[in-house]
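A closer look at the structure
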Amino acid sequence: MIENRPGLTLLAHLVLMAGVAIVALPVWVAFVASTHTATDFMSGTIPVWPGPHLVENYARMLDAGVSTSGTPPVGTMMLNSLVMALLIACGKIAISITSAFAIVYFRFPLRQLAFWCIFITLMLPVEVRIVPTFQVVADLGLLNSYAGLSIPLIASATATFLFRQVFLTIPDELTEAARIDGAGPMKFFRDILLPLSRTNIAALFVILFIYGWNQYLWPLLITTSSDYYTVVAGIKRMADAVDGLPQWHLVMATAMLAMLPPVAVVIGMQRLFVKGLVETEK
Amino acid sequence: MASITLDTVGKIYPGGTRAVGDVSIDIADGEFIVLVGPSGCGKSTLLRMIAGLESISEGTVRIGDRVVNDVEPADRDIAMVFQNYALYPHMSVRDNLAYGLKNRRTPRAEIDRRVAEAAVILQIGPYLDRKPRALSGGQRQRVAMGRAIVREPAAFLFDEPLSNLDAKLRVTMRLEIKELQRRLRTTSIYVTHDQLEAMTLADRLVVLNAGRIEQIGTPLEVYRKPASTFVAGFIGSPAMNLISRRAVPHLPVAAQAGTIGIRPEDLSVAPDGPIEMEVLAVEELGAQRLVHGQTGGERLTVAMPSDAPLSDRLRLSYRLGSLHLFHPETGRRID
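Residues numbered from 1 in each chain as written. Chains lettered and ligands numbered in written order. Predicted model: local features only at pLDDT ≥ 70, side-chain atom pairs only at ≥ 80, totals over all residues. Heavy atoms only, no water.

**So, the overall build of chain A**
- Across its full length, chain A holds 15 helices and 0 strands.
- At 23 Å, chain A has a C-alpha radius of gyration far larger than the 19 Å of a compact globule built from 282 residues.
- In terms of principal-axis extent, the alpha carbons of chain A reach across some 75 × 65 × 30 Å.
- By the burial criterion, 40% of the 282 residues in chain A qualify as buried.
- Carbon and sulfur atoms make up 71% of the accessible area of chain A, which totals about 15300 Å².
- The average position of the 16 basic charges and that of the 16 acidic charges among the side chains of chain A differ by 8 Å. (Helix = DSSP H or I, 4+ residues; strand = E, 2+ residues; numbered from the N terminus. Rg over C-alpha atoms; globule rule 2.2 N^0.38 Å. Buried < 20%, exposed > 50% of the residue type's maximum accessible area, 1.4 Å probe, protein only. Areas by Shrake-Rupley, 256 points an atom, 1.4 Å probe, with all protein chains shown as cover. Lys, Arg positive; Asp, Glu negative; His and termini not counted. Charge placed at Lys NZ, Arg CZ, Asp CG, Glu CD.)

**Considerations on the packing of helix 13 (residues 231–239) of chain A against helix 14 (residues 248–268) of chain A**
Residue and element names in this part refer to chain A.
- Running from amino to carboxyl end, helix 13 crosses helix 14 at an angle of 170°, the nearest separation of the two axes being 10 Å. Between helix 13 and helix 14, the crossing angle belongs to the class labelled roughly antiparallel. Taken together, the residues of helix 14 that come into contact with helix 13 (itself represented by Val231, Ile235, Met238 and Ala239) are Trp248, Val251, Thr254, Ala255 and Ala258.
- For the contact of helix 13 with helix 14, the residue count by class is 8 nonpolar, 1 polar and no charged. (Axes fitted to C-alpha atoms, helices over the stretch in contact; angles between N-to-C directions. Parallel < 35°, antiparallel > 145°, perpendicular 65-115°, else oblique. Contact = heavy atoms within 4.5 Å. Nonpolar A, V, L, I, M, F, W, Y, C, P; charged D, E, K, R; others polar.)

**Notes on the sheet that holds strand 19 (residues 333–334) of chain B**
Residue and element names in this part refer to chain B.
- Pairing is antiparallel across the open sheet formed by 4 strands, whose spatial order is 11-12-18-19. On the outer flanks of this sheet lie strand 11 (241–244) and strand 19, each paired with one strand and no other.
- With 3 bridges joining them, strand 12 (residues 259–262) and strand 18 (residues 324–326) adopt antiparallel strand pairing. Among the inter-strand pairings, Ile260 is bridged to a residue of strand 18, identified as Leu325. (Pairing = 2+ DSSP bridges.)

**Quick word on unusual backbone geometry**
- The linkage connecting Ser237 of chain B with the following residue, Pro238 of chain B, adopts the cis geometry, with an omega of -5°.
- Structurally, the position occupied by Pro238 of chain B is in the loop between helix 8 (229–234) and strand 11.
- Phi is positive for Leu110 of chain A, which is not a glycine, with a value near 65°.
- Along the polypeptide, Leu110 of chain A turns up in the loop between helix 4 (74–105) and helix 5 (111–120).
- With relative accessibility at 61%, the residue Leu110 of chain A sits in the exposed group.

**Describing the domain arrangement of chain B**
All names here are of chain B.
- On domain assignment, one finds that chain B holds domain 1 (4–231) and domain 2 (239–334).
- In this assembly, 8 residues from domain 1 lie in contact with 10 residues from domain 2.
- Between domain 1 and domain 2 the total buried area reaches about 790 Å² when both faces are included, carbon and sulfur atoms providing 48% of it.
- The largest share of the area that domain 1 buries against domain 2 comes from Tyr223, Pro226 and Thr229, three residues that together contribute 61% of it. (Domains from an automatic or database assignment. Buried area = accessible area lost by both parts, 1.4 Å probe.)

**Observations concerning helix 3 (residues 108–122) of chain B**
Residue and element names in this part refer to chain B.
- The end-to-end C-alpha distance of helix 3 is 21 Å, a good match for the 21 Å that 15 residues give at a rise of 1.5 Å each.
- When we look at burial in helix 3, the residues that qualify are Ile111, Arg114, Val115, Ala118, Ala119 and Leu122. Down the axis of helix 3, the buried side of the element spans an arc of 135°, and every buried residue falls inside it. Residues of helix 3 that are exposed and point over 90 degrees away from its buried face: Ala109 and Val120. (Expected span 1.5 Å × (residues − 1). Arc of directions from axis to C-beta.)

**Some thoughts on the side chain of Thr45 of chain B**
Residue and element names in this part refer to chain B.
- Tracing the sequence through the fold places Thr45 in helix 1 (residues 43–51).
- Classification of Thr45 by relative accessible area gives buried; the value is 13%.
- Contact partners of Thr45, with chain neighbours within four places excluded, come to Lys11, Tyr13, Ala19, Val20 and Glu54.

**A few points about the nonpolar core**
- Formed by 84 residues in total, the largest nonpolar core has its most connected members in Phe167 of chain A together with Leu6 and Leu35 of chain B.
- Among residues more than four places away in sequence, those in contact with Leu6 of chain B are Val23, Ser24, Ile25, Leu46, Ile50, Thr60 and Val61 of chain B. (Core = buried A, V, L, I, M, F, W, Y, C linked by side-chain atoms within 4.5 Å.)

Here you go:
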């Protein structure tokens with residue numbers, strides 16, 4: 001819709017600015033808090049502008065962490081988060097693209113059943129199956145490990161469906177041309193399907209990376225060793241000060257740091273991401 | 001280079017629908033065969049069975065001396081050109097041409113030589129490093145043909161390759177395909193629903209209807225002696241007039257004829273002609289004029305010079321020996 005009325009333009013801008021303010025204000029408050037000392041924030045009046053302790057607070061978090069809450073330095077936690085998010089994103093993509101390939105291009109017995117089994121897992125997110133999943137992971141001895149953090153979250157019906165839809169838009173003639181050109185199934189997958197779903201893979205990677213990075217309940221449950229704390233779960237542990245006030249300035253500094261990798265991924269892959277979501281021409 | 005032999009080939013889909021039945025054709029080495037028929041007549045299915053993209057339910061397909069019923073498409077030594085080109089969108093034109101050869105482990109130098117050669121033949125040299133999406137429809141079609149040429153196959157299979165092009169380009173590309181085939185002398189099977197395309201390209205036409213062969217013959221044979229009312233109505237433009245014998249009782253034709261066919265161009269205005277037609281509509285084509293009318297309750301079309309006199313009622317005569325007679329029940333030709 002293209003309107004050319006100044007009043008409407010103004011209104012549109014006001015709505016957008018309100019939206020930005022709603023999203024950005026908490027982030028700003030967190031940032032301001034992370035640049036003050038602990039006492040500044042407890043005094044009752046919340047400062048509006050950044051204070052002088054930015055470098056000091058961030059350096060402390062990256063270097064040592066908050067010993068009283070038993071969390072390791074933020075650097076370690078971020079690394080854990082990064083490993084977990086990457087394992088989840090890459091694992092999900094690898095598994096779902098191959099299963100979509102099987103479902104779309106092969107006529108094997110019980111194909112429909114396999115399809116519906118994948119479909120049904122949509123109704124069983126981690127939160128629903130958390131007790132049995134924990135039991136399985138514990139029995140396998142995967143508590144406090146990267147495998148335990150990521151594997152239970154890797155199976156993904158949504159990603160399988162996304163790739164199924166992508167594959168269904170690829171014209172049959174292309175498959176047939178490849179067959180005549182002597183490309184076997186795996187060659188077809190590698191030479192034709194993968195390059196054609198490149199943008200979709202990128203879009204999915206962005207979404208799944210953020211999904212993995214933001215995992216909270218599961219890491220909280222299965223990590224007891226501080227070596228495997230992830231940053232999102234770590235923030236919670238820091239805020240839970242047992243004997244004393246939470247050190248909000250440090251919690252907020254951690255929160256700011258925890259925000260950076262997802263932001264970097266989104267900005268870095270923005271162009272591919274948008275292309276992957278809107279591109280229809282194959 | 002090879003002959004292709006179809007022996008009582010049939011296709012039955014799971015569920016029992018019969019798409020093709022009892023098709024036998026002997027295609028000589030280097031021949032250009034066109035499968036033509038209305039949509040749904042099974043011509044594409046037949047081509048895809050030859051290509052190996054559809055399984056063969058009945059009969060045998062032979063390429064050269066080899067029965068290929070259970071041979072993978074890639075090993076049948078054929079190349080196919082698709083209606084929507086089916087170029088790999090993420091590869092450059094060069095890679096599109098080379099892909100099949102690479103899969104066949106052709107030496108690098110040989111691939112380069114063949115690609116360069118095809119590029120010259122099809123005049124796509126300047127586009128070799130572009131992606132298909134940067135090409136026009138006609139250029140894409142050439143690349144699709146190039147992909148077939150570099151394979152140097154025993155046979156080309158064309159599946160309505162010109163249907164996505166505009167009318168003018170279709171005519172030029174048609175001619176190019178004809179010249180190309182003449183030059184390469186590769187056995188070709190070409191599927192189309194366009195009877196004009198079929199007439200101009202074919203060494204021999206195979207007219208299909210409802211999954212069965214109606215007639216096989218050179219374009220002129222099919223045009224001059226259509227084997228059935230179906231072929232008579234399908235081949236030739238404007239279509240042949242097919243009128244019931246009762247509508248023109250006084251024409252001197254054999255008693256067993258049920259339907260009489262007269263081509264519009266075999267009719268002419270004559271003051272003492274045996275057929276009287278009531279004019280309903282006139283179409284001007286420039287060089288000639290098509291007059292549509294009726295006689296004895298049957299539709300009739302006459303092609304006449306555009307300067308011929310017109311009136312509401314015309315008396316028509318026909319060229320001697322130009323009547324086609326068909327059996328009243330089977331619709332087959334009576335000679």
